[in-house]
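A look at the structure
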Amino acid sequence: GSAGTGGGHNDSERLVFVTVFVSDADLGGLPGADAICAGEAADAGLEGDFKAWLSTVDTAVAARFAQSEVPYVLVDGTRIADDWTDLTDGSLLAPIDLDAAGQRRGGDVWTGTLPSGAPYEDDCDGYSNSGTGMGLCGTTQSTGTAWSASQTPACSTRLRLFCFEQ
């Protein structure tokens, strides 16, 4: 099939999910985190380019992501934000708590990202180190700012990722 024609998905929405995979902060940096998202999307039969909602001190999500003008939705169609501006205004319409296959997943999520899309000041050596230090996490339970910035766990903590279609 050609791009954008599979799975009943269309170009008027961008899919979002939380990973089944959990890992400490040694994710292989941003490329490693993006690969985790791409793999889970492919395994679930989702088309498109997926990236992790993850920033390093040097590289913000706001710079890595295509800033969509169409709604962001969970795989079951639940809208979480009307567009990029709504996504980064500090609140979501619904929590990001479904994985790529539509199963509910709970817990904390590595983000390294403030709700605005800007990076947090600590990043576990660019999310390539599970040793000393701390990163920033969000949670699947929140629709407030805590969705992306709830606490600063040690880099050794095992957490999920949020994945966004570009």
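Everything numeric here is computed off the predicted structure, so don't read it as measured data.

Attention now goes to the overall build of the protein. Per the secondary structure count, the protein includes four helices and seven strands. Mapped in sequence order, the helices and strands of the protein form the string β-α-β-α-β-β-α-β-α-β-β. Over its C-alpha atoms the protein spans a radius of gyration of 14 Å, differing by no more than 12% from the 15 Å that the globule rule assigns to 166 residues. Along the first, second and third principal axes, the C-alpha atoms of the protein reach 45 × 30 × 30 Å. Put simply, the protein has 166 residues, and 49% of those count as buried. Residue pairs at least 24 apart in sequence account for 66% of intrachain contacts in the protein once pairs closer than 6 positions are excluded. Accessible area for the protein stands at about 6900 Å²; split by element, carbon and sulfur atoms hold 46% of it. Charged side chains in the protein number 8 positive and 24 negative. The centres of these two groups are separated by 5 Å.

Extensive coverage of strand 7 (residues 160–165) is indicated by the burial of six of its six residues. The alternating pattern of strand 7 places Arg160, Phe162 and Phe164 on one face and Leu161, Cys163 and Glu165 on the opposite face, and all of these are buried. Both strand 1 (residues 14–18) and strand 7 contribute to a ladder of three bridges, which runs antiparallel. Of the residues in strand 7, the one forming a bridge with Val18 is Phe162. As defined by bridge partners, strand 2 (residues 50–52) adjoins strand 7 across three bridges and the pair is classed as antiparallel. When the bridges of strand 7 are listed, Phe50 appears paired with Glu165.

Scanning the model with the defined rule gives two disulfides in all. Between the sulfur of Cys37 and that of Cys163 lies a disulfide, 2.0 Å long from S to S. For the disulfide bridge between Cys37 and Cys163, the dihedral angle about the S-S bond is near -75 degrees, and by the sign convention the bridge is left-handed. Taken together, the residues Cys37 in helix 1 (residues 29–43) and Cys163 in strand 7 connect sequence positions 126 residues apart.

Calculation rules
- Residues numbered from 1 in each chain as written.
- Predicted model: local features only at pLDDT ≥ 70, side-chain atom pairs only at ≥ 80, totals over all residues.
- Heavy atoms only, no water.
- Helix = DSSP H or I, 4+ residues; strand = E, 2+ residues; numbered from the N terminus.
- Rg over C-alpha atoms; globule rule 2.2 N^0.38 Å.
- Buried < 20%, exposed > 50% of the residue type's maximum accessible area, 1.4 Å probe, protein only.
- Contact = heavy atoms within 4.5 Å.
- Areas by Shrake-Rupley, 256 points an atom, 1.4 Å probe, with all protein chains shown as cover.
- Lys, Arg positive; Asp, Glu negative; His and termini not counted.
- Charge placed at Lys NZ, Arg CZ, Asp CG, Glu CD.
- Pairing = 2+ DSSP bridges.
- Disulfide = S-S within 2.5 Å.

The analysis is restricted to geometry; functional conclusions fall outside its scope.
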